[in-house]
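What follows is the residue order along each chain.
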Amino acid sequence: MDPLTWLLIPLATAIMAALWSCCTGRQRRADVLTDVQRYDRLREALARATAASSPCG
């Protein structure tokens, strides 16, 4: 049984390597510009919200 256990280590490594290559090889979204625009809109909205809630001493 011991030799079979040692043979499972390379087999498990090969399976994990195949899964890793599938995950890293997938297509990525390329809408970076819209993400930047969303971030800018969020930042402006938060700035307005904090300016509206701050006391006008």
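Heads up: these notes are all about the structure in this document. Note that the coordinates shown come from a computational prediction; the quantities given were computed from them, not determined experimentally. (Residues numbered from 1 in each chain as written. Predicted model: local features only at pLDDT ≥ 70, side-chain atom pairs only at ≥ 80, totals over all residues. Heavy atoms only, no water.)

**A word on the overall build of the protein chain**
Secondary structure assignment for the protein chain yields 2 helices and 0 strands. Every one of the 57 residues in the protein chain was classed for burial, and the buried ones make up 0%. With an accessible surface of roughly 5600 Å², the protein chain has 69% of that area assigned to carbon and sulfur atoms. (Helix = DSSP H or I, 4+ residues; strand = E, 2+ residues; numbered from the N terminus. Buried < 20%, exposed > 50% of the residue type's maximum accessible area, 1.4 Å probe, protein only. Areas by Shrake-Rupley, 256 points an atom, 1.4 Å probe, with all protein chains shown as cover.)

**Structural notes on the pattern of salt bridges**
Under the defined criterion, the tally for this structure stands at 2 salt bridges. With a closest N to O distance of 3.3 Å, R43 and D40 form a salt bridge. Taken together, the residues span about one helical turn, with R43 and D40 both in helix α2 (residues 32-53) at a distance of 3 residues. The exposure class assigned to R43 is partly exposed, which follows from its relative accessible area of 48%. (Salt bridge = Lys/Arg side-chain N within 4 Å of Asp/Glu carboxyl O.)

**Things to note about the state of the cysteines**
Applying the stated criterion across every chain, the model contains 0 disulfides. Unpaired in this structure, C22 has its nearest cysteine sulfur neighbour in C23, at a distance of 6.8 Å. (Disulfide = S-S within 2.5 Å.)

**Regarding a nonpolar patch on the surface**
Together, L8, L11, I15, M16 and L19 make up a nonpolar patch on the protein surface, roughly 510 Å² of accessible area in all. For L11, the position within the fold is in helix α1 (residues 2-24). (Patch = residues over 30% accessible without salt bridge, like charges linked within 9 Å, V, L, I, M, F, W, Y side chains within 5 Å.)

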